[in-house]
Amino acid sequence: MVSLSKKLIKTLRRSAILIPQFYEPKAPALDLHEPFIPVSKLQETKLLEAQLVSILDSCISLTEIKRVHARIIRKGLDQCSFVVTKLVRVLCKLNTPIDTYARLIFSQVYCPNPFLYTAIIRGYSVQGPLEKAVFLYGQMRRDDILPVSFTFTALLKACTGVLHVDLGRQIHGQSLKIGGFVQDLFVGNTLIDMYVKCGCLDFARRVFDELPTRDVISFTALIVAYAKSGDMVAASDLFDRLPAKDMVAWTAMVTGFAQNAQPKEALEYFEKMQNSGVNTDEVTLSSVISACAQLGAIKYANWVRDFAERSGFGPTDNVLVGSALIDMYSKCGSVEDAFKVFESMKDRNVFSYSSMIGGFSMHGCAREAIELFEKMMKVEVKPNKVTFVGVLAACSHAGLVEQGQHFFGMMENGCGIKPSVDHYTCMIDLLGRAGRLEEALELIQTMPIEPNGSIWGALLGACRIHRNPKVAEIAAKQLFQLEPDGIGNYVLLSHIYASAGRWEDVSRVRKLIRAKRLIKTPSLSMVEDENGGLHNFYSDDTIHPESKLIKQTLQDLLKRLKVHGYQPILSSAPYDVSDEEKERILLTHSEKLALAYSLLTTSANCVIRIIKNLRICEDCHSVMSRASQLTSREIVVRDNLRFHHFRKGICSCGDFW
DNA sequence: GTAGGGTTAG
């Protein structure tokens, strides 16, 4: 027997040339008298293998692969796991169905090694079905072949894809049982990711804590998980412990804050990220842009847009940044700028279209939203569930009931999208706003989904517009059960009672609020000055240094408006007090203070942009509208629902909101 | 082979 060096044994194993004492052939039986291949021949074969692998790597079509496969057979290397594994991997990369070709090649190899098994397992993991990947794993174990760490990462990734946490746990168990794989950083990180994506944060944390070493990927996976669960304290804590923070880790923090409605913190972290010398890419920027969208300030909007352009991620060439910018400009009150971005983009995807349709919708441009939706269908960008929310909301705000019903019908039949509770909410809103409250109630009772708080909330909102305490009571009863601490619902019901003059019921609801110790969300209006500074106004605000002057300006304005026919809408003060007192209360509304401040401090050609945290009341709406005419100023108010553009006495919402 | 992304109604 020839004695082989360890290195040579390794080479032989790697190239899987069938040597009797290392491999147990199944069929056909090898001729044991066959002489060993001389070393020079081995080197030649190894060279040929490397050559074929390299050719396979550059294959971009199935025809090419088939040609190389024929060559592999001609050269007698069809039993070489090294080459065949590459062949299978390339087939998977081109997304050729495993069962049609790769599986056949695999079945013709007498002694597949763990890498070849893993290549097939990975193929099934990517393409599905998961069962076949697991079956292959079982076969591998029955053949007594030890898996490699990549076998586990492939299987775990497949479990992550279909959120099959039970199977994932079994594979976790296997990796522990077979020997130390869980300590492999790749397997450990994939396990963390699997548990995170399946919503088992505790398990993910346990794997993280038990890992002998952790890298930036382990940290980031967990940071993202905490951020997604809304726990930015835990996320920050981990981030602080992370010694080497890279772009992805920083981005995870910026995104976390942006997704948890902490836009200022998101921007702070972005600044720190830049100061630490880490690069920025399109993903970072998309989150920064989302944070700016939440701030709603044009100053930040323009700053981030310039920044994106300067860093080479301008909206023209970058669909991710472009789509985020469309949404941002819409939310900052400039649907015109949003549309400019949309038009400048070279490529548009479903995000770009959905953001633009949503932008038109929140600005009351129903016709534009519908036209864009129809154009989208023509250019073959498939709408998704969010697109439909946008287009249905557009119909709703414009009172286009039949058109909305048509689009709703299209969802399942034309686009294969099952309407979700969000879409039913849009339909309830559509019918409710149009005054068809009974129909809306009937839809709730007959729809195939269990109604949630949004559904009843939409109905209650419609009852406020149409002053219908009867239906409101039905909606409120459900809402108080589903959202017992939702202060807005109690307030809304009390307003509905107030507008019907049912003061006893009003006081009953107020008592309920007190008994539950709920605190009313204070009304807050923000306004941007010409330097981009933001000023906050609460109702009846006396904190602002210019408070007296602001109040005086407001009173002067209202006096002038009254000359032109303005009558205070007293029902907007839902209290059982005298008309004089109601008028005084109306004067304290935060958006009126913000308006007066802007009139006082900004130049005549400057658009006044006000952001309010609650819905604008009818009286303020009327004042804004008339003030836009009297002062020849353009006023944009963003309330918690949508935008109102007041120009020359007319609002873009058509007084229908 | 493992980590980060934009759009959602009352």
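Residues numbered from 1 in each chain as written. Chains lettered and ligands numbered in written order. Predicted model: local features only at pLDDT ≥ 70, side-chain atom pairs only at ≥ 80, totals over all residues. Heavy atoms only, no water.

K.L.:
Hey, could you run me through empty space enclosed by the protein in this one?
P.N.:
Regions of empty space are outlined by a rolling probe, equal in size to a water molecule, passed over the atoms. One pass over the full model with this rule turns up 1 cavity of 30 Å³ or more. Space inside the largest cavity adds up to approximately 70 Å³. Element by element, the count of residues in the lining of the largest cavity is highest for strand 3 (residues 608-612), at 3 residues. Partitioning the lining of the largest cavity into residue classes produces 6 nonpolar, 2 polar and 4 charged. (1 Å grid on protein atoms, 1.4 Å probe; cavity = no way out; pocket = protein on both sides within 12 Å on 5 of 7 lines; lining within 4 Å. Points joined across faces, edges and corners; volume = space filled by probe spheres on them. Helix = DSSP H or I, 4+ residues; strand = E, 2+ residues; numbered from the N terminus. Nonpolar A, V, L, I, M, F, W, Y, C, P; charged D, E, K, R; others polar.)

K.L.:
I tried to follow helix 6 (residues 114-127) on my own but got confused; where do I start?
P.N.:
Residues that lie three or four places apart on an α-helix share one face, since the helix turns once every 3.6 residues. Here helix 6 contains 14 residues, and its C-alpha end-to-end distance of 20 Å stays within 8% of the 20 Å for a straight helix at 1.5 Å per residue. Of all 14 residues in helix 6, 10 are buried, a share of seventy percent or more. Every buried residue of helix 6 is accounted for by Pro114, Leu116, Tyr117, Thr118, Ala119, Ile120, Ile121, Gly123, Tyr124 and Ser125. Looking at the buried side of helix 6, the elements it contacts are helix 4 (81-93), helix 5 (102-107), helix 7 (130-142) and helix 8 (149-161). One side-chain oxygen of the residue at the start of helix 6 lies 3.1 Å from the amide nitrogen of phenylalanine 115, identifying that residue as asparagine 113. (Expected span 1.5 Å × (residues − 1). Buried < 20%, exposed > 50% of the residue type's maximum accessible area, 1.4 Å probe, protein only. Contact = heavy atoms within 4.5 Å. Polar contact = N/O pair within 3.5 Å; in protein donor to acceptor, adjacent residues only side chain to side chain.)

K.L.:
What's the story with the packing of aromatic side chains in this structure? I'm lost.
P.N.:
Two numbers describe a pair of aromatic rings. These are the distance of the centres and the angle of the planes. Taken as a whole and assessed by the stated rule, the structure comprises 19 aromatic pairs. Plain terms: the ring middles of tyrosine 137 and phenylalanine 152 are 6.1 Å apart, the flat faces sit at 55° to each other, and that makes the pair tilted. Here tyrosine 137, found in helix 7, pairs with phenylalanine 152, found in helix 8; they are 15 residues apart in sequence, far enough to count as distant. Taking the relative accessible area as the measure of exposure, tyrosine 137 reaches 8% and is therefore buried. Connected via pairs of aromatic rings, a cluster forms that spans Phe239, Trp250, Phe257 and Tyr269. Here lysine 245 stacks its cationic end above the ring of phenylalanine 239, 5.1 Å away from the centre of that ring. Directly above the ring of phenylalanine 342 sits arginine 348, whose terminal nitrogen or CZ lies 4.7 Å from the centroid. (Phe/Tyr/Trp six-rings, centres within 6.5 Å; stacked < 30°, edge-to-face > 60°. Lys NZ or Arg CZ within 6 Å of the ring centre and 35° of its normal.)

K.L.:
What's the story with the protein's contact with DNA strand B in this structure? I'm lost.
P.N.:
Neighbouring residues of DNA strand B: 50 residues in total, closest Phe186, Asp246, Leu320, Asp422 and Gly453. In DNA strand B, atoms within 4 Å of the protein come from the sugar-phosphate backbone in 40% of cases. Contact distances for DNA strand B include 2.9 Å between a phosphate oxygen and a side-chain N or O atom of aspartate 193. For DNA strand B, a base nitrogen lies 2.4 Å from a polar atom in the backbone of glycine 453. Looking at side-chain class alone, the surface near DNA strand B contains 17 nonpolar, 21 polar and 12 charged residues. (Near = heavy atom within 4 Å.)

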